[in-house]
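Observations on chain architecture
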Amino acid sequence: MPLNIEKSIAELEKLGADLYHKDFLLTWQKSDAEIHAVLKIAEILKEMHAQNIAVDMFKTGLAVSNFRDNSTRTRFSFASACNLLGLAVQDLDEGKSQIAHGETVRETANMISFLTEAVGIRDDMFIGKGHTYMKEVAGALDDGYRNGVLNQRPAVVNLQCDLDHPTQSMSDLLFIKNHFGGFENLKGKKIAMTWAYSPSYGKPLSVPQGVICLMTRFGMNVELAYPEGYDLLPDTIEVAKKNARASGGSFKVSNSMESAFKDADIVYPKSWAPFKVMERRTQLLEKGDQPGLKDLEKECLANNAKFKGWECNDRMMALTKAGKASYLHCLPADITDVSCKAGEVSAKVFEGARLGTYKEAGYKPFVIAAMIAACTKKEPARLLGELAKAARKRAL
Amino acid sequence: MPLNIEKSIAELEKLGADLYHKDFLLTWQKSDAEIHAVLKIAEILKEMHAQNIAVDMFKTGLAVSNFRDNSTRTRFSFASACNLLGLAVQDLDEGKSQIAHGETVRETANMISFLTEAVGIRDDMFIGKGHTYMKEVAGALDDGYRNGVLNQRPAVVNLQCDLDHPTQSMSDLLFIKNHFGGFENLKGKKIAMTWAYSPSYGKPLSVPQGVICLMTRFGMNVELAYPEGYDLLPDTIEVAKKNARASGGSFKVSNSMESAFKDADIVYPKSWAPFKVMERRTQLLEKGDQPGLKDLEKECLANNAKFKGWECNDRMMALTKAGKASYLHCLPADITDVSCKAGEVSAKVFEGARLGTYKEAGYKPFVIAAMIAACTKKEPARLLGELAKAARKRAL
Amino acid sequence: MPLNIEKSIAELEKLGADLYHKDFLLTWQKSDAEIHAVLKIAEILKEMHAQNIAVDMFKTGLAVSNFRDNSTRTRFSFASACNLLGLAVQDLDEGKSQIAHGETVRETANMISFLTEAVGIRDDMFIGKGHTYMKEVAGALDDGYRNGVLNQRPAVVNLQCDLDHPTQSMSDLLFIKNHFGGFENLKGKKIAMTWAYSPSYGKPLSVPQGVICLMTRFGMNVELAYPEGYDLLPDTIEVAKKNARASGGSFKVSNSMESAFKDADIVYPKSWAPFKVMERRTQLLEKGDQPGLKDLEKECLANNAKFKGWECNDRMMALTKAGKASYLHCLPADITDVSCKAGEVSAKVFEGARLGTYKEAGYKPFVIAAMIAACTKKEPARLLGELAKAARKRAL
């Protein structure tokens, strides 16, 4: 059943959320109304796109894409989101630029923003750095806007940092919300956010951290499971606990994939590196200690290898609610016998869930667009209403 | 004489071609009506551009550019074409992306296409791979569209593969069609598609293959000439033979540049590597066998050097019809004493034909735009008619 | 006080300048009326942007960005300028393209321009090359346009060459014009364009050359100061002398930072390499003589180090008019104890001037846009008047 655009806009209005001139960095800094507003805008934009209604709310304007780590899907999601709104993406490629030559973040942030409406940043490799960097950029933009350097305050959107991956977790959330027929139906549902084996190391922590911090807000029973030692950042565990208490859900940490999968409605099996390893890695990277990095990788892979049993396969899926849990993944998954010899998920389980994971990913461009719209428009509901009424064709 | 837009649109309508939701991969998979429809749309778009009429039939939307081989002109042609239609180009740079990290083609194709209308691919280095890859992408997009992952089916456009280079050959065709005053005047004209000497090796086969397979459809007498051993892919030879028979033209293969140039109305002298060499090269590249590649290059260059006589110069041109054949080249040409010591063409012959080759290249952006328009619009004739009638200024 | 758009457009009209189908390469090739026209358009565009009025005078069209040296701010300025006018930027990355493979400049210039409206070039590393290259590109575009290869003549904009950096110097000029309340108030003002110490070498000469050649046109007293040996290109010195004579200002060269700063209203302390060194560097770069380049760098840094006293600090600033000269810099500055141990400017002086330098930089996108508009539009005043009257919202 397609979304009722008019009704959704009215609901958005009623939320009374105000993100204007703010950024979207961490879900746990946002109120429930703000989270719901972004999700609502995302769904409205997605439906308007499906109905071929133009939503280019900017005639001109730049969007800066600053990727400090590789990415296909998030890069394209950001580009798609910006294009949908009418913005042109300009990459801030630190190889090409003079950033490495002593420019301060403060200066660069202003220099790239004279005609910029949104800055999307991915910086997830260094523990303690990514979120800090985004805050610095945001602070510099506040400074520039306040002092008349910039005509407009560009919105900073976190495309993945060391703490959170909000565009991912909110896409995941929209997918399961629609799968189960509404937010109210998520209450009491069990979601297993579990580590899974992968023949690689150094995968960021932001996905599991983002998931446990967001899903605990919706009355779900969240079980985080990982082999001993594969801890997440302690602060995010505290956020998840607090959120679960407030929402009437629960949050549990275990060291058993089986325990997490038991009666789960949703499973999210995904590899990550232990927080402590990521900290050591950050230090080695900062020192440029290549032999140290090699040694760390070797040590970690050897450690990972002890937990090859952490694979999402038929045996594991059989433990879930009626054996039919929804499978989530941020993609790309390490698929046993497809992308590697032994990985996070069996080919059979993945194939069964494949189209679902594509649709899950399909929310991301609209979630990013919604964050930009919410942070740059004073009255997004009014504006969306006007665009819906005008109903200009996007593609003639 | 400028094109009559209204008349051309009526002719387009009459062709009754239907490319909607299809791709443009190989000319020989397309009916005559489909080929003519794309050419007609290209000419209409070119004339509308000349008359400063906006043809941005997309208000927003992405076009993905996936270049697996270097290119200036095709890259710019694709960017120009997409921009003309209102699409924003996003490069799928496999260095930047996670494609190398185990993603399947199927997944990537969908991940980059949520808001994408066209995917342009250049993949011409590996015999047996390029066309196969494009079909895989197209299949993945069919799958995603059919299953509701994608709101729209992006058109895949072949920007050069191991088999064909349709945007090139169709630009070549438009150039000679207009040069000789219409398709009917191409009947009985002789075109010499010949190998020419170049101090480089490994040039793709797709240009000569594309030319012989396309030009044989228009009643031309096509002579393909190359030194012994410089064969093209056998399948394309079969296509050319069949096309010639059907069109009332002829197709001949010889080992003499002189024979091909004799009484030719059009000459297309261009270097390429032997099919067998490209096959060996593909295998060596796959194995990453650098010494093997060096050896192969050395062997080939030594072999090329035996055929330095295959140069398009005054002596050769004198053999052509009244000494005045049209000279075609996909550019850049290896010009003797300009870009190299001895090359495909003498400086004098090239300089005489230079502006012609530029104009030949000038069709390409419009051919690409036409392919995208034909494959993404249900009724391109109606749409072009509306745009022509509205006559919005492209540049104020 | 915001600019009166209507009044400015009337003033622009009165200037009667005609830049249509020309390029913007060197300020000293432009008449006063032409310089004032570009500055006027820049200010009008800046005010229209501030008032959220769309100025996208192109519905579609490409802008080619050709950076032969690194850059953050100029790259973003160009991208911003083009986007503001409705053009899409396509990078001509010579790594990606076939330019290195023997294509002539003439051919490439046409191949990238079939749907192109502007070509921005940065080529400042090689003495005697950058400006020459730009002229070649411009000549090739003339040739293509004249011969019907191109439907339109793209404007070439100098984003920094070996001689001039007009988008920088004209942004500097707009900043001080507005700071002092009008061009008439610049008469008799003293500006110190001085060398300053930096722990790097090889910085281009185009900024000081551009500044002395432009500021001397406005009746200012320009003092150029540098340590013995750090000469600029002799031709530009001659231009500055001539301009000063014509404008009723003065131009003096000294070897003392103190002398230049004495009673200055404006200071522009900035490092550069001696002209002779840049010439030697050009030759070494052409030969690919890495050891020679290393030696040259070592020699130069040792020489630079003799002039660490050339720092803009409180002591120097105290010498200026009432101790309160305006500080200019093209950014990024080498700031002592911030970006390096000892640099061009003390942290305290820079911090005091920081927001000013940001605003100075903020003119650049609009100066570039103005150059493009002036060179591609027959009647820019009429067009701006229409856009101002229509007052379409840029951001809804």
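Residues numbered from 1 in each chain as written. Chains lettered and ligands numbered in written order. Predicted model: local features only at pLDDT ≥ 70, side-chain atom pairs only at ≥ 80, totals over all residues.

Side note on the overall build of chain A
Per the secondary structure count, chain A includes 15 helices and nine strands. At 21 Å, chain A has a C-alpha radius of gyration in line with the 21 Å of a compact globule built from 396 residues. Referenced to the eigenvectors of the C-alpha coordinate spread, the extents of chain A come out at roughly 55 × 55 × 40 Å. Within the span of chain A, comprising 396 residues, buried residues form 58% of the whole. The long-range fraction of contacts in chain A, counting pairs at least 24 apart against all pairs at least 6 apart in sequence, stands at 83%. (Helix = DSSP H or I, 4+ residues; strand = E, 2+ residues; numbered from the N terminus. Rg over C-alpha atoms; globule rule 2.2 N^0.38 Å. Buried ≥ 20, exposed ≤ 12 C-beta atoms within 10 Å, placed from the backbone. Contact = placed C-beta atoms within 7 Å.)

A closer look at the interface of chain B and chain C
Much of the literature gives interface size as the accessible area that the parts lose upon coming together. Taken together, the contact between chain B and chain C spans 30 residues of the former and 26 residues of the latter. At the level of elements, helix 2 (32-50), helix 3 (73-85) and helix 13 (347-362) of chain B are the ones that each hand at least two residues to the side of chain B that touches chain C. Looking at the side of chain B that touches chain C element by element, the count peaks at six residues for helix 3 of chain B.

Topic: the domain arrangement of chain A
All names here are of chain A. Under the domain assignment used here, chain A contains domain 1 (5-162 + 364-390) and domain 2 (168-345). Using C-alpha coordinates to define each centre, domain 1 is positioned 26 Å away from domain 2. On the domain 2 side, the residues contacting the 17 residues of domain 1 number 16 residues. Breaking the side of domain 1 that touches domain 2 down by element, the ones donating at least two residues are helix 2 (32-50), strand 4 (155-161) and helix 14 (364-376). For the side of domain 1 that touches domain 2, the leading source of residues is helix 2, giving five residues. (Domains from an automatic or database assignment.)

Concerning the confidence of the model for chain A
For chain A, mean pLDDT is 94; residues scoring 70 or higher make up 97% of the total. Reported confidences for the modelled complex are a pTM of 0.97 and an ipTM of 0.95. (pLDDT = per-residue confidence, 0-100.)

As for helix 6 (residues 166-180) of chain A
All names here are of chain A. Across its 15 residues, helix 6 extends 21 Å between first and last C-alpha, which sits within 8% of the 21 Å expected from 1.5 Å per residue. The element helix 6 is largely enclosed, with a buried count of eleven among its 15 residues. Three or more residues of helix 6 are buried, namely Pro 166, Thr 167, Gln 168, Ser 169, Met 170, Ser 171, Asp 172, Leu 173, Leu 174, Phe 175 and Ile 176. Just downstream of helix 6 lies Gly 181, where phi reads positive at about 85°. (Expected span 1.5 Å × (residues − 1).)

Thoughts on the relation of the copies chain B and chain A
When chain B is fitted to chain A, the best match, at an RMSD of 0.0 Å, comes from turning it 120° and sliding it 0.0 Å along the axis. In symmetry terms, the pair is related by a three-fold rotation axis. In terms of proximity to the rotation axis, the leading residue of chain B is Ala88(B), whose C-alpha is 4.5 Å off the axis. An overlap of only 4% is found between the interface residues of chain B and their copies at the interface of chain A, pointing to separate contact surfaces. (Least-squares fit on C-alpha atoms with pLDDT ≥ 70 in both.)

Notes on the relation of the copies chain B and chain C
If you rotate chain B by 120° and push it 0.0 Å along the axis, it lands on chain C with an RMSD of 0.0 Å. Different-surface contact between copies: only 3% of interface residues of chain B are shared with the interface of chain C.

Some thoughts on helix 8 (residues 234-247) of chain B
Residues and elements named next belong to chain B. End to end, helix 8 covers 20 Å across 14 residues, agreeing with the expected 20 Å (1.5 Å per residue, within 8%). Lining the buried residues of helix 8 we find helix 7 (206-215), strand 6 (221-225) and strand 7 (250-254). Looking one or two residues beyond helix 8, the residue adopting positive phi is Gly 248, at roughly 80°.

Comments concerning the packing of helix 6 (residues 166-180) of chain B against helix 14 (residues 364-376) of chain B
Between two packed helices, both the angle of their axes relative to each other and the distance between the axes serve to describe the pair. Residue and element names in this part refer to chain B. The interhelical angle for the contact between helix 6 and helix 14, taken along N-to-C directions, is 120°, at an axis separation of 9 Å. Relative to helix 14, helix 6 is oriented oblique. Along this stretch, helix 6 crosses helix 14, giving a crossing that reads as right-handed. The segment helix 6 lies against helix 14, with Thr 167, Met 170 and Ser 171 engaging Lys 364, Val 367 and Ile 368. (Axes fitted to C-alpha atoms, helices over the stretch in contact; angles between N-to-C directions. Parallel < 35°, antiparallel > 145°, perpendicular 65-115°, else oblique. Left-handed = near helix turned anticlockwise from the far one by under 90°.)

Some words on unusual backbone geometry
Omega for the bond connecting Leu331(A) with Pro332(A) falls within 30 degrees of zero, at -5°, which places this linkage in the cis form. Structurally, Pro332(A) can be placed in the loop between strand 9 (326-327) and helix 13 (347-362). Its identity as a non-glycine residue notwithstanding, Asp263(C) has a phi of 60°, on the positive side. Among the secondary structure elements, Asp263(C) is positioned in the loop between helix 9 (257-261) and strand 8 (266-269). A positive phi is found at Ala322(C), a non-glycine position, where the angle reads about 55°.

As for the sheet that holds strand 4 (residues 155-161) of chain C
All names here are of chain C. Pairing within the open sheet is parallel, and its four strands lie in the order 2-1-3-4. The open sheet has two free edges, formed respectively by strand 2 (88-91) and strand 4, since each of these has just one partner strand. Each adjacent strand pair in this sheet contributes to an overall mean axis angle of 20°, direction not counted. Here strand 1 (residues 62-67) pairs with strand 2 via four bridges, running parallel. (Pairing = 2+ DSSP bridges.)

Some thoughts on the pairing of strand 3 (residues 116-123) of chain C
Residue and element names in this part refer to chain C. Counting buried positions along strand 3 gives eight out of eight residues, so the element sits mostly inside the fold. In terms of strand pairing, strand 1 meets strand 3 through six bridges, oriented parallel. When the sheet's bridge partners are listed, Ser 65 is paired in strand 3 with Gly 120. When strand 3 meets strand 4, the two strands line up parallel, connected through five bridges.

Topic: the pairing of strand 5 (residues 190-194) of chain C
Residue and element names in this part refer to chain C. Along strand 5, five of the five residues are buried, which leaves the element largely enclosed by surrounding structure. Of the two faces of strand 5, both are covered, the one formed by Lys 190, Ala 192 and Thr 194 as well as the one formed by Ile 191 and Met 193. With five bridges joining them, strand 5 and strand 6 (residues 221-225) adopt parallel strand pairing. Bridge pairing in strand 6 links Ile 191 to Val 222. Between the parallel pair strand 5 and strand 6, the chain is carried across by helix 7 (residues 206-215), and the sense of this crossover is right-handed. Pairing of strand 5 with strand 8 involves four bridges; the strand directions are parallel. The residue of strand 8 that forms the bridge with Ile 191 is Ile 266. (Right-handed = clockwise from strand over helix to strand, strands pointing away.)

Here's the deal with the environment of Gly61(C)
Within the element layout of this structure, Gly61(C) appears in the loop between helix 2 (32-50) and strand 1. Measuring from C-alpha to C-alpha, the distance between Gly61(C) and Ala118(C) comes to 8.8 Å, with 57 residues separating the pair along the chain.

Some thoughts on the environment of Lys189(C)
Assignment of secondary structure puts Lys189(C) in the loop between helix 6 (166-180) and strand 5. For the pair Lys189(C) and Ala225(C), spaced 36 residues apart in sequence, the C-alpha to C-alpha distance is 17 Å.

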